[in-house]
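Analysis of the macromolecular model
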Amino acid sequence: MIPTLILLFVVGAVTGSFLNVCIYRLPRRESVIAPASHCPECDRPLNWYDNIPLVSYLALRGKCRRCGTSIPVRYPLVELLNAVLFVLAGWRFGLTAELFPALLLISTLIVVFFIDLEHYIIPNIVVLPVAAVGVTAMVAISLSATDPDFPSWWTFPLAGVASAGFFFLITLIFPKGMGMGDVKLAGMLGFFLGRSVTVGLFLGFLLGALVGIGLIAAGRKGRKSRVPFGPFLAVGALAALFFGNELMQLYLGLFDSPEG
Ligand SMILES: [Zn+2]
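In what follows, the accompanying structure is described.

Cut-offs and rules
- Residues numbered from 1 in each chain as written.
- Predicted model: local features only at pLDDT ≥ 70, side-chain atom pairs only at ≥ 80, totals over all residues.
- Heavy atoms only, no water.
- Helix = DSSP H or I, 4+ residues; strand = E, 2+ residues; numbered from the N terminus.
- Rg over C-alpha atoms; globule rule 2.2 N^0.38 Å.
- Buried < 20%, exposed > 50% of the residue type's maximum accessible area, 1.4 Å probe, protein only.
- Contact = heavy atoms within 4.5 Å.
- Areas by Shrake-Rupley, 256 points an atom, 1.4 Å probe, with all protein chains shown as cover.
- Lys, Arg positive; Asp, Glu negative; His and termini not counted.
- Charge placed at Lys NZ, Arg CZ, Asp CG, Glu CD.
- Phe/Tyr/Trp six-rings, centres within 6.5 Å; stacked < 30°, edge-to-face > 60°.
- Lys NZ or Arg CZ within 6 Å of the ring centre and 35° of its normal.
- Donors = N, O, S within 2.8 Å, 3.2 Å for Na, K, Ca; no water.
- Tetrahedral: all angles 85-135°; square planar, octahedral: opposite > 155°, others 65-115°.
- Expected span 1.5 Å × (residues − 1).
- Arc of directions from axis to C-beta.
- Patch = residues over 30% accessible without salt bridge, like charges linked within 9 Å, V, L, I, M, F, W, Y side chains within 5 Å.
- Salt bridge = Lys/Arg side-chain N within 4 Å of Asp/Glu carboxyl O.

**A short note on the overall build of the protein**
Check the secondary structure of the protein and you find 9 helices and 0 strands. A compact globule built from 260 residues would reach a C-alpha radius of gyration of about 18 Å, and the protein, at 20 Å, matches this within 12%. When burial is assessed residue by residue, the protein has 42% of its 260 residues classed as buried. Of the contacts made within the protein by residues no fewer than 6 positions apart, 68% connect residues no fewer than 24 positions apart. In the form shown here, the protein has an accessible surface area of approximately 14700 Å², with 69% of it arising from carbon and sulfur atoms. Charge separation in the protein, taken as the distance between the mean sites of 18 positive and 14 negative side-chain charges, equals 14 Å.

**Quick notes on the packing of aromatic side chains**
Within this structure, the stated rule accounts for 10 aromatic pairs. Arranged with centres 5.1 Å apart and planes meeting at 40°, the rings of Phe 205 and Phe 229 form a pair that is tilted. Here the residue Phe 205 occupies a position in helix H8 (residues 197-217), and Phe 229 occupies one in the loop between H8 and helix H9 (230-253), the gap between them amounting to 24 residues. Judged by its relative accessible area of 10%, Phe 229 is buried. Pairwise contacts between aromatic rings join Phe 166, Phe 167, Phe 205, Phe 229 and Phe 232 into one cluster. Here Arg 28 stacks its cationic end above the ring of Tyr 24, 3.9 Å away from the centre of that ring.

**Focus on the coordination of the zinc ion**
Six octahedral donors around a metal ideally sit at 90 or 180 degrees from one another, while four tetrahedral donors ideally sit at 109.5 degrees. Taken together, the protein ligands of the zinc ion are Cys 39 (SG), Cys 42 (SG), Cys 64 (SG) and Cys 67 (SG), with distances of 2.3 Å. Considering all 4 donor atoms around the zinc ion, angles at the metal cover 107 to 115° and the coordination shape is tetrahedral. Linear spacing of the donor residues for the zinc ion on their chain is C-x2-C-x21-C-x2-C. By the burial criterion, Cys 39 is buried, and Cys 42 matches it.

**Here's the deal with helix H6 (residues 155-173)**
Counting along an α-helix, one turn takes 3.6 residues, and residues three or four places apart therefore face a common direction. Over its 19 residues, H6 extends 27 Å from the first C-alpha to the last, a length consistent with the 27 Å expected when each residue adds 1.5 Å. Restricting attention to buried positions, one finds in H6 the residues Thr 155, Phe 156, Ala 159, Gly 160, Ser 163, Phe 167, Ile 170 and Thr 171. Projected onto a plane normal to the axis of H6, the buried residues spread over an arc of 145° and lie on a single side. More than 90 degrees from the buried face of H6, the exposed residues found are Val 161, Leu 172 and Ile 173. Where H6 is buried, its residues meet helix H5 (124-144), helix H7 (180-193), H8 and H9.

**Concerning a nonpolar patch on the surface**
Taken together, the side chains of Ile 2, Ile 6, Phe 9, Val 10, Val 14, Leu 80 and Val 84 make up a nonpolar region of the molecular surface, amounting to roughly 590 Å² of accessible area. Elements that contribute at least two residues to the nonpolar patch include exactly helix H1 (2-25) and helix H3 (74-93). Relative to the helices and strands, Phe 9 is located in helix H1.

**Focus: the pattern of salt bridges**
Tallied over the entire structure, the rule returns 3 salt bridges. Salt-bridge contacts for Arg 65 lead to Asp 50; the nearest nitrogen and oxygen are separated by 2.8 Å. Here Arg 65 is found in the loop between helix H2 (55-59) and H3, whereas its partner Asp 50 is found in the loop between H1 and H2, with 15 residues between them in sequence. Given the relative accessible area of 46%, Arg 65 is considered partly exposed. A salt bridge links Arg 74 to Glu 118, with the shortest nitrogen-to-oxygen separation between them at 3.4 Å. One end of the pair, Arg 74, is in helix H3; the other, Glu 118, is in helix H4 (residues 99-119), and 44 residues separate them in sequence. Overall, Arg 74 belongs to the buried group, its relative accessible area being 16%. Salt bridges linked by common partners bring Arg 44, Asp 50 and Arg 65 together as one network.

Following this line, the structure appears as structure tokens:
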């Protein structure tokens, strides 16, 4: 198990490096494939040894080798976050078929978190293809699962459609509160998480409300100013991915009679 977790850390850090490219370029409508990574300030292309996840940031002390411009701390942070969450997924799911959609969901949510936080958009080019892959993977895993407790295949498409429908209703009632990006993201989460998505959405709303109240109280935001909702959904969904079953049991347990 330990070698697998170390491998997942390395794969996670390398993937995180690519996520940084997506986070920077997708909102600017630039290709994520070409040109090769370069300093946005002086255009210096990065040597391979300046592009090693985590290591290069430390070696360069967070500055471009040519012009000395600071590299945003978001770069090593995204690499570390993706690496640590890949390890957590390995610990949670082991080397099973479920691990792969989990890794895809983790990386997608990291991209959505940082793009929505900065640009107030959730790109279709990320969410729609990933949603399609997610629902296909989960239906296939459910149909081939030998564990009788594994959720039925139809719970995944149903959870996606229901979540998107629920968010679409919210946008009709509060047109300024959320956008269609949130609707599509909620649908994607349902496709991956199945019935656990209820836990993810609930935690997202709870976190959004707490942070929103906190920002207003601290005078950082007015009652009417916009706060992107995608980051809260992303955090709620990650909690549901790792602890969805436990949180659901805990919640249902509150209504159990003491005799069981
Ligand atoms: Zn530079």
